[in-house]
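Residue strings, one per chain:
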Amino acid sequence: MIRIERLGYETEGTLILNDISASIKKGRFTGVIGPNGSGKSTLLKNIYKTIDGSGEIDFKGRSLKTVSIRELAREMAVVSQHGSSDFDFTVEEIVTMGRYPHKGIFKNYNRKDREIVSTVLKKAGLSDLCHRCFLTLSGGERQRVLIARALAQEADIIVLDEPTNHLDISYQLQIMEILKELGITVVAAIHDMNIAALYCDDLIALKGGRIWAVGETEKVFSEEFFKEVFSVETEIKRNSRTGKMSITYLPGRGGS
Amino acid sequence: MKRIFLLLGFLIFTLAISLGAVEIPFFTVWKIGINNLAGAEVFNPQWSKGVEMIIWKIRFPRAILAFLTGGTLALVGVLMQAVTKNPLSDPYILGISSGASTGAVLCMFFGLGGLSVGGGAFLGAFLATILVINLTRGDYSSSRLVLTGIAVSAIFSSVTNIFIYLVKDESKVRNAVFWMSGSLGGAHWKLLLLPSIILFTGALLALLLHKELDTLLLGEAEARTLGIDTDRLKLVLVALSSVLTGVVVAISGTIGFVGMIIPHITRRVSGSSHRQLIPLVILMGGIFMAGADTIARIVFTPEELPIGILTSALGGPFFLWIIKNGYSFGGKR
């Protein structure tokens, strides 16, 4: 679905991304992981085209450079952390904005849009809150509103730029469940390695602006991997109930 | 809900015409109005020619001009607030009115290249807006925005004052000074055509862009990921605001704070969604201005207070109150 080739990004003389090549496969959940400052967010911003680096990104067989932001918005929904501060829309109004890419200047939101909005509100468990004012919601609820807006875009791919940071674990799991159930292509920056192990099919692991590893989560994760990328000793076991890898951190045993 | 405000608008409009040095009964106002609109004596005139003259030739156009001016300033406030994502933005606070003033004064004194006063005011407003936006470099925090506005305003005011000082033609100077403090005193029927067309067109454009304006309030990055070319949209909004401000300033002088107060109050009724906000904010701006102008006319009769002084007297404390209580795009829920 997306193929990144030799992507580089430099700002004010600092190289933030260097020679990144990776691909994001259709229908799969791809996690972008790495220590702070490793370039996760910069990589995602290049993918959703708010910044422009060197190299090539191929989006559905076309160069991303030739895709207009309007076209892109119909195919790719973005949930980012640079949240909104002062505005005071209702939940329903904000989610309805997700329908914008499908409208022209002269077309107003119609019944079909309202139906889609009410469906995604239900999916995100927000039906009861739909007339509430966004500013009165808790952090977890706000994040779900933004996810619902992304769903309303009816895009093939959702990009999450650190969406579940600083959320309670229950909200993090809730959001991951919603995304997983959709069965669409998801790319997300993820901090919690156990969440990555639970939900990500593939991983793109960055360190210092370079690719450290790419591939299936099961193949990327290993005790050596955590030592090399995060400088943390770990013990990886398979959880008998989830069937997934479970990472236990072992502090004070080396690392730097 | 909207009907209440329409009714209020009608009442204030009539009151603005009925009150003054000569008080004229409520119904007489409309009898005269209808007679003149119909061009026939629908009602038997039981009033003097002088009264008819005051009502139809002076107070009707003045009340309409008040509605146009207030509505336009409130609309500009809404547009600038969307561009800067900051609810404190107002053409006066950002120094845009000052720029328009300078442009208009220069044209008034020198008739620059045959530019009309309105054209000069537009160019001044546009220049000031671009200046503010470039100087803030996308950091639209309140302190930065307000400080930049103060600086831009000071620069343009000093330019205006230098020319007022240098130009020896006293009548021109008196004109300029009177008009700089804002007044609707020059209203007559012919004067209304341009501001009506501009406000109508501006409101229509703003309404067409209501979805884009909503999305812009979420933030530029988010608006872009929803497929909006934010640079182009902002340029359109800035140009539109400049035209609106330019025309209002050219006709009525600098009248401050309306663009901040009225959207703030209106959002409490309509919410932030621009589709509901825009028509109501124009109506409320008009009501406010007509009411303020009536007070300015009658409070020290026979002397008339320049309306800009009155709106500043109201707006200054309101501004402080908003800062103290935390400003936001306050909604209804």
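Here the structure is a predicted model, which is why all the values come from computation and not from measurement.

A word on the overall build of chain B. When helices and strands are counted, chain B shows 14 helices and zero strands. From first element to last, N terminus to C terminus, chain B shows the α and β order α-α-α-α-α-α-α-α-α-α-α-α-α-α. Here the C-alpha radius of gyration of chain B, 20 Å, is about what a compact globule of 333 residues would show, namely 20 Å. Along the longest, intermediate and shortest principal axes, the C-alpha atoms of chain B span 65 × 55 × 35 Å. When contacts within chain B are restricted to residue pairs at least 6 apart in sequence, long-range pairs at least 24 apart make up 76% of them.

Before going further, it helps to examine the overall build of chain A. When helices and strands are counted, chain A shows nine helices and 12 strands. For chain A, the spread of C-alpha atoms along the principal axes amounts to about 60 × 40 × 30 Å. Buried positions account for 41% of the 256 residues belonging to chain A. Relative to all contacts within chain A whose residues are 6 or more apart in sequence, the contacts with residues 24 or more apart total 64%.

Okay, the domain arrangement of chain A next. Residues and elements named next belong to chain A. Structurally, chain A comprises domain 1 (2-221) and domain 2 (222-256). A separation of 27 Å is found between the C-alpha centroids of domain 1 and domain 2. Taken together, the contact between domain 1 and domain 2 spans 13 residues of the former and 10 residues of the latter. Looking at the side of domain 1 that touches domain 2, the elements with two or more residues in it are helix 7 (193-199), strand 9 (202-207), strand 10 (210-216) and helix 8 (217-220). The element that contributes the greatest number of residues to the side of domain 1 that touches domain 2 is helix 7, accounting for four residues. Its residues assigned to classes, the side of domain 1 that touches domain 2 shows nine nonpolar, two polar and two charged.

Attention now moves to the pairing of strand 4 (residues 54-59) of chain A. Residue and element names in this part refer to chain A. Pairing of strand 1 (residues 2-11) with strand 4 involves five bridges; the strand directions are antiparallel. Opposite Ile4, over in strand 4, you have Ile57 as the bridge partner. In sequence, strand 4 turns back onto strand 5 (residues 62-63) through a hairpin of two residues, with Lys60 there showing a positive phi of about 50°.

Now for the interface of chain B and chain A. Contact with chain B, which involves 23 residues of that partner, is made by 25 residues of chain A. Of all the secondary structure elements, the ones that give two or more residues to the side of chain B that touches chain A are helix 9 (210-217) and helix 10 (220-225) of chain B. Split into classes, the residues belonging to the side of chain B that touches chain A amount to eight nonpolar, nine polar and six charged.

Residue and element names in this part refer to chain B. Contact geometry for helix 1 (residues 2-18) and helix 3 (residues 49-84): axes closest at 9 Å, N-to-C directions at 140°. Viewed along their axes, helix 1 and helix 3 adopt a mutual orientation that is oblique. You can see that helix 1 and helix 3 cross each other, and the crossing is right-handed. Residue-level contacts link Phe13, Ala16 and Ile17 of helix 1 to Ile55, Arg59, Phe60, Ala63, Ala66 and Phe67 of helix 3. Partitioning the contact of helix 1 with helix 3 into residue classes produces eight nonpolar, no polar and one charged.

Before going further, it helps to examine the sheet that holds strand 8 (residues 185-189) of chain A. Residue and element names in this part refer to chain A. A sheet is described by the order of its strands in space; here six strands give the open sequence 6-7-8-3-9-10, paired in mixed fashion. Two strands bound the open sheet, and with one partner strand each, they are strand 6 (76-79) and strand 10. This sheet shows a mean twist of 15° between the axes of neighbouring strands, independent of strand direction. Across four bridges, the pairing between strand 6 and strand 7 (residues 157-160) is parallel. Looking at the pairing, Met76 lines up with Ile157 of strand 7. Here helix 1 (residues 40-47) sits on the sheet and contacts strand 3 (29-33), strand 7, strand 8 and strand 9; the angle it forms with strand 8, its principal contact strand, is near 145°.

Time to look at the pairing of strand 2 (residues 14-24) of chain A. Residues and elements named next belong to chain A. Note that strand 1 and strand 2 share seven bridges and pair antiparallel. Looking across to strand 2, one finds that Tyr9 is bridged to Leu17. Turn length for the strand 1-strand 2 hairpin, with the two strands adjacent in sequence and antiparallel, is two residues, and the turn residue Glu12 shows positive phi of about 45°.

A separate point is helix 6 (residues 169-182) of chain A. All names here are of chain A. When the terminal C-alpha atoms of helix 6 are compared, their 20 Å separation across 14 residues agrees well with the 20 Å that a helix rising 1.5 Å per residue should span. Listed as buried for helix 6 are Gln172, Ile175, Met176 and Leu179. For helix 6, the buried positions fall inside an angular range of 100° around the axis, keeping them on one side. Opposite the packed face of helix 6, turned more than 90 degrees from it, sit the exposed residues Ser170, Glu177 and Glu181. The inward-facing, buried residues of helix 6 contact helix 5 (139-152), strand 7, strand 8 and helix 7. After helix 6 finishes, the residue Gly183 shows a positive phi value of roughly 65°.

Further remarks concern the sheet that holds strand 2 of chain A. Residue and element names in this part refer to chain A. In spatial order, the strands read 2-1-4-5; together these four strands make up an open sheet with antiparallel pairing. Each end of this open sheet is capped by a strand with a single partner; those strands are strand 2 and strand 5. Sheet topology note: the strand 4/strand 5 ladder contains two bridges and is antiparallel. For Phe59, the partnering residue across the bridge sits in strand 5 and is Arg62.

Once that is clear, we can look at unusual backbone geometry. Residue and element names in this part refer to chain A. Positive phi is not limited to glycine here, since Glu12 has a value of about 45°. Structurally, Glu12 can be placed in the loop between strand 1 and strand 2. Positive phi outside glycine occurs at Asp19, with the angle close to 55°.

This part covers the environment of A:Tyr109. By the element assignment, A:Tyr109 lies in the loop between helix 3 (91-96) and helix 4 (111-123). With 12 residues separating them along the chain, A:Tyr109 and A:Met97 place their C-alpha atoms 9.1 Å apart.

We now examine helix 14 (residues 307-325) of chain B. Residues and elements named next belong to chain B. Taking 1.5 Å per residue as the helical rise, helix 14 with its 19 residues ought to reach 27 Å, and the 27 Å between its terminal C-alpha atoms agrees with that figure. All of the buried residues in helix 14 are Ile307, Gly308, Thr311, Gly315 and Phe319. Packing partners of the buried residues in helix 14 comprise helix 12 (258-270) and helix 13 (274-298).

Residues and elements named next belong to chain A. Remark: helix 4 packs on helix 5, axes separated minimally by 9 Å, with the N-to-C direction vectors making an angle of 140°. The angle between helix 4 and helix 5 falls in the class oblique. Handedness of the helix 4/helix 5 crossing: right-handed. Where helix 4 approaches helix 5, its residues Ile116, Val117, Val120, Leu121 and Lys123 are matched on the opposing element by Ala148, Leu151 and Ala152. For the contact of helix 4 with helix 5, the residue count by class is seven nonpolar, no polar and one charged.

Each value, and the rule that gives it
- Residues numbered from 1 in each chain as written.
- Chains lettered and ligands numbered in written order.
- Predicted model: local features only at pLDDT ≥ 70, side-chain atom pairs only at ≥ 80, totals over all residues.
- Helix = DSSP H or I, 4+ residues; strand = E, 2+ residues; numbered from the N terminus.
- Rg over C-alpha atoms; globule rule 2.2 N^0.38 Å.
- Contact = placed C-beta atoms within 7 Å.
- Buried ≥ 20, exposed ≤ 12 C-beta atoms within 10 Å, placed from the backbone.
- Domains from an automatic or database assignment.
- Nonpolar A, V, L, I, M, F, W, Y, C, P; charged D, E, K, R; others polar.
- Pairing = 2+ DSSP bridges.
- Axes fitted to C-alpha atoms, helices over the stretch in contact; angles between N-to-C directions.
- Parallel < 35°, antiparallel > 145°, perpendicular 65-115°, else oblique.
- Left-handed = near helix turned anticlockwise from the far one by under 90°.
- Expected span 1.5 Å × (residues − 1).
- Arc of directions from axis to C-beta.

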